[in-house]
Amino acid sequence: MKWLILMLLLVILVLVFQTSATSFGPENVGSRYGQRPKDLILSAFYLPYESTTILADRFDIILPPLVEDSETGILTTEIYYELKMKLVRTLAIPQDIPYFAFKSEHALAVKELSNVFLEARDIRELFSIAILIRDHVNRPIYLAALYHTFFERKDLSPGDLPPLETLLPDRFVPAVVINRAKQLAKLAIHHKEKKEVTVYWHVNETGIGPRSPEHRVAYWREDMHLNNFHWHWHLSNPYSVRPGARDRRGELFYYMHHNLVARYNMERLSVNLEPVVPYDTWHLPIDDGYFPHITTDRQDKTFFRDVREIPLNQSSYVSQLEMWRTHLYHSIDVGFMVKENGSHVRLTDNPRIGEDFGINLLGESVEAGASVNPALYGNLHNLGHDLISQSHDPAKRHNTQIGVMGAVETAVRDPAFFRWHKFIDNLFLRYKMTQPPYTARQLAGDLEVVDVRVMEEKVLDNYAPTPDHLVTFFAPSAFDSSRGIDFNRKPEDDVTVLIVTDVLDHLEFSYKIRIHNPTSEFKRSKIRIFLAPKFDEDGERLDFAALTHYWTEMDVFETQEIMPGTDYIYRRSNESSILSTYHGDNNITKFAFSGCSWPRNLQLPRGTPDGMIFHLFVMASNIDDPSEIPDPQPNGTSGSFCGRPDEKYPDKWPMGYPLDRRSSHQTIESFVAEHPNMMLKDIVIKHVRDRDSIGRQPQKESSDCLLFTC
Ligand SMILES: [Cu+2]
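Definitions and cut-offs
Residues numbered from 1 in each chain as written. Predicted model: local features only at pLDDT ≥ 70, side-chain atom pairs only at ≥ 80, totals over all residues. UniProt positions renumbered as here; feature names shortened; annotations may be inferred. Helix = DSSP H or I, 4+ residues; strand = E, 2+ residues; numbered from the N terminus. Buried ≥ 20, exposed ≤ 12 C-beta atoms within 10 Å, placed from the backbone. Contact = placed C-beta atoms within 7 Å. Pairing = 2+ DSSP bridges. Axes fitted to C-alpha atoms, helices over the stretch in contact; angles between N-to-C directions. Core = buried A, V, L, I, M, F, W, Y, C linked by C-beta atoms within 7 Å. Expected span 1.5 Å × (residues − 1). Arc of directions from axis to C-beta. pLDDT = per-residue confidence, 0-100.

An unreviewed UniProt entry lists the protein chain under the name Prophenoloxidase 3, with Penaeus chinensis given as the organism. Taken directly from UniProt, the Subcellular location (unreviewed entry) text for the protein chain runs: "Secreted".

Draft legend 1. Spatial organisation of the overall build of the protein chain. Along the backbone of the protein chain there are 22 helices and 14 strands. Expressed as a percentage of its 710 residues, the buried residues of the protein chain come to 45%. Within the protein chain, counting contacts between residues at least 6 apart in sequence, those at least 24 apart form 75% of the total.

Draft legend 2. The arrangement of unusual backbone geometry in detail. The peptide bond linking Glu367 to Ala368 adopts the cis configuration, its omega dihedral lying at 5°. For the bond running from Tyr657 to Pro658, omega is 5°, close enough to zero to count as cis. Locating Pro658 in the fold gives a position in the loop between helix H21 (639-642) and helix H22 (668-673). Although it is not a glycine, Asp468 sits at a positive phi angle of roughly 65°.

Draft legend 3. How the structure looks around the sheet that holds strand E12 (residues 565-572). Spatially, three strands are ordered E6-E9-E12 in an open sheet, and the strand pairing comes out antiparallel. On the outer flanks of this sheet lie strand E6 (448-456) and E12, each paired with one strand and no other. Strand-to-strand, the axes of this sheet are offset by a mean angle of 20°, without reference to chain direction. Taken together, the eight bridges between strand E9 (residues 509-517) and E12 define a ladder with antiparallel strand orientation. From the neighbouring strand, Ser510 faces E12, where its bridge partner is Arg572.

Draft legend 4. Representation of the sheet that holds strand E7 (residues 469-480). Spatially, seven strands are ordered E3-E8-E7-E14-E13-E10-E11 in an open sheet, and the strand pairing comes out mixed. Of all strands in the sheet, those bounded by a partner on one side alone are strand E3 (196-200) and strand E11 (552-558). With strand direction ignored, the average angle separating the axes of adjacent strands in the sheet is 30°. In this structure, strand E10 (residues 525-533) lies alongside E11, joined through six bridges in antiparallel fashion. Residue pairing across strands places Lys526 opposite Glu558, the latter belonging to E11. The strands that helix H13 (residues 249-270) touches are E10, E11, strand E13 (612-622) and strand E14 (678-690); relative to E11, the one it contacts most, it runs at about 125°.

Draft legend 5. Structural context of helix H17 (residues 380-389). Among the 10 residues that make up H17, 10 are buried, leaving the element largely enclosed by the rest of the structure. Of the positions making up H17, those classed as buried are Leu380, His381, Asn382, Leu383, Gly384, His385, Asp386, Leu387, Ile388 and Ser389. Buried residues in H17 make contact with helix H14 (318-334), helix H15 (358-367) and helix H18 (415-432).

Draft legend 6. Molecular detail of the nonpolar core. One finds Ile141, Leu146 and Val618 to be the most contacted residues of the largest nonpolar core, which totals 147 residues. Of all the elements, H13 adds the most residues to this core, at 11 residues. Not counting residues within four places of it along the chain, the set of residues in contact with Ile141 comprises Thr90, Ile93, Tyr99, His106, Ala109, Val110 and Leu113. Core analysis: the second largest hydrophobic core is formed by 16 residues, Phe172, Ile178, Ala478 and Ile499 among them.

Draft legend 7. How the structure looks around the environment of Val203. With respect to the helices and strands, Val203 occurs in the loop between E3 and helix H11 (218-221). Residues Val203 and Glu222, 19 residues apart in the sequence, show an inter-C-alpha distance of 9.0 Å.

Draft legend 8. Seen up close, the UniProt feature "domain: Tyrosinase copper-binding" (unreviewed entry) in the protein chain. Mapped onto the present numbering, the UniProt feature "domain: Tyrosinase copper-binding" (unreviewed entry) falls on residues 414-425. Helix makes up 92% of residues 414-425 and strand 0%, and the two end C-alpha atoms of the span are 17 Å apart.

Draft legend 9. Broad picture of helix H10 (residues 175-191). Taking 1.5 Å per residue as the helical rise, H10 with its 17 residues ought to reach 24 Å, and the 25 Å between its terminal C-alpha atoms agrees with that figure. For H10, every residue scored as buried is listed here: Val177, Ile178, Ala181, Ala185 and Ala188. Down the axis of H10, the sector holding all buried residues measures 95°, keeping them to one side. Turned more than 90 degrees away from the buried face of H10, the exposed residues are Ala175, Val176, Asn179, Gln183, His190 and His191. Lys192, located one to two residues past H10, shows a positive phi value of around 50°.

Draft legend 10. How the structure looks around the confidence of the model for the protein chain. Averaged over all residues, the pLDDT of the protein chain is 84; the fraction at 70 or higher stands at 85%. Taken as a whole, residues 10-34 scores under 50 in pLDDT and shows 26 contacts with residues more than four places along the chain or in a different chain. Contacts for the low-pLDDT stretch residues 702-710, under 50 throughout, to residues beyond four places or in other chains number 15 contacts.

Draft legend 11. Looking closely at the pairing of E10. Counting buried positions along E10 gives nine out of nine residues, so the element sits mostly inside the fold. On E10, burial covers both faces: Ser525, Ile527, Ile529, Leu531 and Pro533 on one face and Lys526, Arg528, Phe530 and Ala532 on the other are all buried. By the bridge criterion, nine bridges tie E10 to E13 in an arrangement that is antiparallel. Looking at the pairing, Lys526 lines up with Ser621 of E13.

This is the structure:
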């Protein structure tokens, strides 16, 4: 009997212990301070100065017993066995290394951790799990999984995501600036006088010196919002996502990166540089190195070499890349890919019912995500990032870290990113050129575009905007780094540390489109607006084929009903399909936007001081299904560049339609002249130094002056 009572007591004890260790449901997260679920989860992002115990106390969370970490001496939680078993890959990644998105072990760790976040019953449970494990997992991997969770969960919105630079400033800002911020914050905390510290970071403090021509476009490659966008894109559309969870994901990979490279080339033309040279001769050195001053450098004259890992079976070999490239080129040229079982799958962008877009199959195989045959087509894009990021120390002799090309939040900074992506883009364009030109029927539309006018909004008193003339300039952009850098603050120290730099910007503008509706019915239309430079680096006119490399989407949207006869369509630039609908309400950090959105400040290419001429292409196409009411753009996602989780891509045509294929026309002018539903307009983009210089005489641009001060 005594034994029986003892056994019973033991069972009760085990049950009690298990419950306290495994259940972190809503009942455990108190609402002592009345936190909204959104605020609760956002605090899980901010790491450095609030320890797990402080955070748990603030939110009234019951944690399992704390233990002392044998290495750091910090008191932290112990993860219960069941959870540990779900996070085997995640916990195997060392905590103090950057997150290498293009390495499959890292991508799988993010997937594993986000699955745990997705399984949580509600936000409170998700929060409890997040703070329970955050001391134990690699920080960027933890953040990547949380970001991905915001794109997946219906009870969270990507529009609420904090900009990544506020969480990981050291991935966006040179180390010297971070040190300056730390010094100033220390003084402010010590003297208790200032509530706000501002650290100015000059746009010329880049990873490339003014003696290199590449310095001229460093402001663009190193733009915080552009790097933030690239991070968001890859976490909203990861190659490891469940196949089918993102409609036309492979095609979107092509389309977003194509636009990124096309816009980079427009920027290069604006500062008198030739378009980027693709990196496709892999035994030749990449002339320019890149020293980002945030993480590892990449010396001059590095090139693709085998990366020999220990263990050796994780090595990457250049010959693998060459083999995959040959197989991909062959598939493009013969018009089909070969599946694992040997059957053929046709490559066409005019798919029949049940067939996939050829460009989507190619995109999935090139990146590589849900490839039709991973053994044959390999992992070209990801491995290229990997080889460049390790080209400075491929045999691991110097024990250096991987360069910026290995991480999605920093890759765009390196000029080699664009050389690599122009090679990838050319591979896709090789496929696009195999597609037959669109037929007259495919290009037709019921409505006619009579005139287009682009007008800046009149926001300055002494400046009268000129139709079809737009202005760009540099303007300050700030973010609050207080929650991403450990300033050794105590909770009562109320000091905000703003980091300010200049970014390219423009005045808001709008399109006024005059439409003729020759029918007797009210009709809706889908308007497609694209931009490309009119002249190349030698001042020659770009012909139809050359423009295929340049067209970039400015906006694609569905109109209201257009009445018979003449009607007008008005559209504001900030409503664009490449932007998210999120609008920051804080004036100081107004550029900080959330979710997956093309940077608002880079909506226009820079242009030149004298004014650079661009083609604006406008097409009124028919609505795919007139009975369908267009979905509003979800908060925090650009439909055109990022797609929508679990929804169809918002357009049925191949991305880039109707300018993504060859044509029998030599020039864009003759192509457009044949179609009354299209219109071509010259627009001029002028670059001035800053907002105060708008409307003044342009300054002379001298070749030896620093980019920013000219
Ligand atoms: Cu990318």
